[in-house]
Amino acid sequence: MAFIEILKDLVTGLNGGMAATIMGMDGLSLEHFSAPKTHYDVDLVAVEYGKVISEIKNAAEVLSLGELEEIVVKTPLADVILQVISPDYYIILVIAQDVSVGKARYLLRRAAAKTRKELAQ
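Residues numbered from 1 in each chain as written. Predicted model: local features only at pLDDT ≥ 70, side-chain atom pairs only at ≥ 80, totals over all residues. Heavy atoms only, no water.

Let's talk about the overall build of the protein
No. 1: Counting its regular elements, the protein contains three helices and five strands.
No. 2: Against the 2.2 N^0.38 benchmark of 14 Å for 121 residues, the protein shows a C-alpha radius of gyration of 13 Å, consistent with a compact globule.
No. 3: Considering only C-alpha atoms, the protein reaches an extent of 40 × 40 × 25 Å along its principal axes.
No. 4: Sorting the 121 residues of the protein into buried and exposed places 40% on the buried side.
No. 5: Within the protein, contacts between residues separated by at least 24 positions form 52% of all contacts whose residues are at least 6 apart in sequence.
No. 6: For the protein, the distance from the average position of its 12 positive side-chain charges to the average position of its 16 negative side-chain charges is 8 Å. (Helix = DSSP H or I, 4+ residues; strand = E, 2+ residues; numbered from the N terminus. Rg over C-alpha atoms; globule rule 2.2 N^0.38 Å. Buried < 20%, exposed > 50% of the residue type's maximum accessible area, 1.4 Å probe, protein only. Contact = heavy atoms within 4.5 Å. Lys, Arg positive; Asp, Glu negative; His and termini not counted. Charge placed at Lys NZ, Arg CZ, Asp CG, Glu CD.)

Structural data, given as structure tokens:
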């Protein structure tokens, strides 16, 4: 399955899914998908939130909490969920405020597993 299909299934699987991207820790996007009529620059969102990943990873390490897996950011206009795929990649999903975060996290974990398989090929 191609990366674009993984992201499309993720976003369209949620009523209120807005956009998703697979991003490298180096700030380069592998692929992105935005729902029709969504005006989010999901790559910019990913780059900006990606800047804090190393800070959070370091804090988790200092506190002996284990590896970073997920970050959830709630804002008045949208929620952003970041799922780490590997040491080099992560997926960011942007959803509307009224979307179930639990369902979004579940679908994001499934998309992350599919992406890991694609990256391994």
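Focus: a nonpolar patch on the surface
No. 1: On the surface, a nonpolar cluster with roughly 360 Å² of combined accessible area is contributed by Val 62, Leu 63 and Leu 65.
No. 2: Inspection of the secondary structure assignment puts Leu 65 in the loop between helix 2 (42–62) and strand 3 (70–74). (Patch = residues over 30% accessible without salt bridge, like charges linked within 9 Å, V, L, I, M, F, W, Y side chains within 5 Å. Areas by Shrake-Rupley, 256 points an atom, 1.4 Å probe, with all protein chains shown as cover. Salt bridge = Lys/Arg side-chain N within 4 Å of Asp/Glu carboxyl O.)

Any link to function would need more than the numbers given here.
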